[in-house]
Amino acid sequence: MRSITTSRKPIFADPWHFLRGWCRAPLAVGWPLASSWWSAERIAEATLQAARGSGPVVELGAGTGPVTEALLRLGCALDRLVVVERDAEMCRFLEARFPGLRVLQGDALRLKETLARGRVTSTSVTLCGLPMRVVPPDASTRCYGDAFALMPQDGAVIQYTYGLRSPLAPAALAALDLRATFIGREWRNVPPMGVWRYQRRVV
Ligand SMILES: C[S@@+](CC[C@H](N)C(=O)[O-])C[C@H]1O[C@@H](n2cnc3c(N)ncnc32)[C@H](O)[C@@H]1O
């Protein structure tokens, strides 16, 4: 079991790599700035609190890794963490930044197939950094459906968003019979960031 800690507390880690990623795919990346240190801390805390069982912690859309780093800093073992990222350059960056981390380059919206390639067949919690507000409802339903199928019955998806409302399309929420809980807003982020937890209505 290995863990990574840092004494640095940068407000925005590695801004140039992230900005380059945004220039390559502005819609998929969502915003030219990565999550702030404080947001990452808050999201990671909510994720580890929601983890059930000892299975992998899965992060979707890790970018340059601010939340990945917070998960590790807060005690998630490196060998328990699996990140999915579609951008090849960001994947290489993550591998260099966190040696030994399982980085799956692929489409998180086709989660079942992407995780199967990494031989991940069950998970304890899913952290979603994809800009869900711009994802079509059928794709978000499939992504969240896959995530819930791999987790224990009381598992959760933690999702962050710059929007004011729940970022998961109401159609997806209804189709999967999920309830959305607003965890809080981190104001020390540009723009302020909301954190949500999704769980099955019936557990
Ligand atoms: C809002 S950024 C979050 C980045 C990072 N987690 C952070 O907090 O700064 C969204 C990330 O999701 C990735 N992404 C978007 N769509 C994706 C998809 N379908 N599959 C995998 N990654 C995706 C983008 O490349 C980007 O790195």
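Check the entry above for the structure.
None of these values were measured; they are calculated from a predicted model.

A.B. asks: Got a sec to walk through the sheet that holds strand β1 (residues 57-60)? Specific residues and values, please.
C.D. replies: Backbone-to-backbone hydrogen bonds join strands into a sheet, with any given pair of strands oriented parallel or antiparallel. Taken together, seven strands build an open sheet; the order of strands is β3-β2-β1-β4-β5-β7-β6 and the sheet is mixed. Each edge of the open sheet is held by one strand with a lone partner, namely β3 (102-105) and β6 (178-186). Each adjacent strand pair in this sheet contributes to an overall mean axis angle of 20°, direction not counted. Pairing of strand β5 (residues 156-161) with strand β7 (residues 193-200) involves six bridges; the strand directions are antiparallel. Note that in β7 the partner of Ile 158 across the bridge is Arg 197.

A.B. asks: How would you summarise the state of the cysteines if you had to cite specific residues and measurements?
C.D. replies: Across all of its chains, the model carries zero disulfides by this definition. Free of any disulfide, Cys 91 has its nearest cysteine sulfur in Cys 128, 15 Å distant. The exposure class of Cys 91 is buried, given its relative accessible area of 0%. Between Cys 143, a free cysteine, and Cys 128, which holds the nearest cysteine sulfur, the sulfur-to-sulfur gap is 5.2 Å. Assessed through its relative accessible area of 1%, Cys 143 is described here as buried.

What counts and how
Residues numbered from 1 in each chain as written. Predicted model: local features only at pLDDT ≥ 70, side-chain atom pairs only at ≥ 80, totals over all residues. Heavy atoms only, no water. Pairing = 2+ DSSP bridges. Helix = DSSP H or I, 4+ residues; strand = E, 2+ residues; numbered from the N terminus. Axes fitted to C-alpha atoms, helices over the stretch in contact; angles between N-to-C directions. Disulfide = S-S within 2.5 Å. Buried < 20%, exposed > 50% of the residue type's maximum accessible area, 1.4 Å probe, protein only.

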